[in-house]
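So you can see what is in the structure, the chains are spelled out below.
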Amino acid sequence: MDWMYTLSGFLVGLIVGVSGVGGGSLMTPLLVLVFGVSPATAVGTDLLYASLTKTLGAWVHSRRGTVDWQIVGLLSLGSLPAAVLTVLLLKYLNLDTQALGSVVTHVLSAALLLTAAALLLKEKIRIISRGLNELQPRHRSLATIATGLVVGVLVTVSSIGAGVLGTVALLFLYPRLSTAKVVGTDIAHAVPLTAVAGMGHLALGTVDLTLLVSLLAGSLPGIYIGSHLSGRVPERVLRPLLALMLMLIGSKMILT
């Protein structure tokens, strides 16, 4: 079965490299629906998987100067405490496997549908944000911290939110930021967030280390190849297809 996990990691990595869509929105549902991994274990394993795979991406963007570290800091002020508090809450509630799986599945389903909507509305949100008066620096900073808080909770419970949702929020709050910086900043923020949330899940016992290694063995070459193919796939074609796929997966998880 390990080679199937590795193949899945490769395919998800390939899609992430081509499209830029967060791996959590693809990998976690795949583990739950296809491989029958428990939702909590799928989320916990995927979080550490995401932190390790995105570290390389963050390093590359940092070298290129396409990371706004001030925004990363503001997002982290909200997301990292939110991730820690969410893990502590899950530990305090001490839900049984079935109850925890139910909570994760419902949040995961909602996050998938939100991600699909964000994919479809991404450009419209950018256009609307450019037409609005810019926020005062203080208000924008507070809004960025609040965005980090929401993303932190979503990512910790579902492993989804640091990719497309984070990017769309940055497009709205910082319409003058270049696309490369939006992507680089979002990836750089995702690294500490998924690491903290993943370590929290490791402490809760909801991480499968063997599964993690199998996924990484496929995803790293997949992301490398996908990143070199990204310019050859028209975004106007890819984005609706991915949004439709995420909507179908989210709807299926709600009905499961």
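Residues numbered from 1 in each chain as written. Predicted model: local features only at pLDDT ≥ 70, side-chain atom pairs only at ≥ 80, totals over all residues. Heavy atoms only, no water.

Let us look at the packing of helix α6 (residues 137–158) against helix α8 (residues 179–204). Working note: a packed helix pair is described by the angle between its axes plus the distance between those axes. Running from N to C, α6 and α8 point in directions that differ by 45°, and their axes come no closer than 9 Å. Relative to α8, α6 is oriented oblique. With respect to the hand of their crossing, α6 and α8 are arranged in right-handed fashion. Contact with α6, carried on its side by Val-151, Gly-152, Val-155 and Thr-156, involves His-189, Leu-193, Thr-194, Ala-197 and His-201 of α8 and no other residues of that element. Of the residues belonging to the contact of α6 with α8, the class tally is four nonpolar, five polar and no charged. (Axes fitted to C-alpha atoms, helices over the stretch in contact; angles between N-to-C directions. Helix = DSSP H or I, 4+ residues; strand = E, 2+ residues; numbered from the N terminus. Parallel < 35°, antiparallel > 145°, perpendicular 65-115°, else oblique. Left-handed = near helix turned anticlockwise from the far one by under 90°. Contact = heavy atoms within 4.5 Å. Nonpolar A, V, L, I, M, F, W, Y, C, P; charged D, E, K, R; others polar.)

The next subject is the packing of helix α4 (residues 69–93) against α6. Close contact between α4 and α6 brings their axes to 7 Å; oriented N to C, the two are set at 40°. Taken as axis vectors, α4 and α6 run oblique relative to one another. Between α4 and α6 lies a crossing whose hand is right-handed. Packed against α4, whose contacting residues are Ile-71, Leu-74, Leu-75, Leu-77, Gly-78, Ser-79, Ala-82, Ala-83, Thr-86 and Val-87, the element α6 presents Ser-141, Thr-144, Ile-145, Thr-147, Gly-148, Leu-149, Gly-152, Val-153, Thr-156 and Val-157 at the interface. Tallied by class, the residues present in the contact of α4 with α6 amount to 11 nonpolar, nine polar and no charged.

The grouping of Trp-3, Leu-7 and Leu-11 at the surface amounts to a nonpolar patch, some 330 Å² of accessible area in total. Among the secondary structure elements, Trp-3 is positioned in helix α1 (residues 2–19). (Patch = residues over 30% accessible without salt bridge, like charges linked within 9 Å, V, L, I, M, F, W, Y side chains within 5 Å. Areas by Shrake-Rupley, 256 points an atom, 1.4 Å probe, with all protein chains shown as cover. Salt bridge = Lys/Arg side-chain N within 4 Å of Asp/Glu carboxyl O.)

With that settled, the discussion passes to the confidence of the model for the protein. On average, residues of the protein score 79 in pLDDT, and 78% of them are at 70 or above. Here helix α10 (residues 235–255) stands out as the element of the protein with the lowest mean pLDDT, 66, in contrast to α4, whose mean of 93 is the highest. (pLDDT = per-residue confidence, 0-100.)

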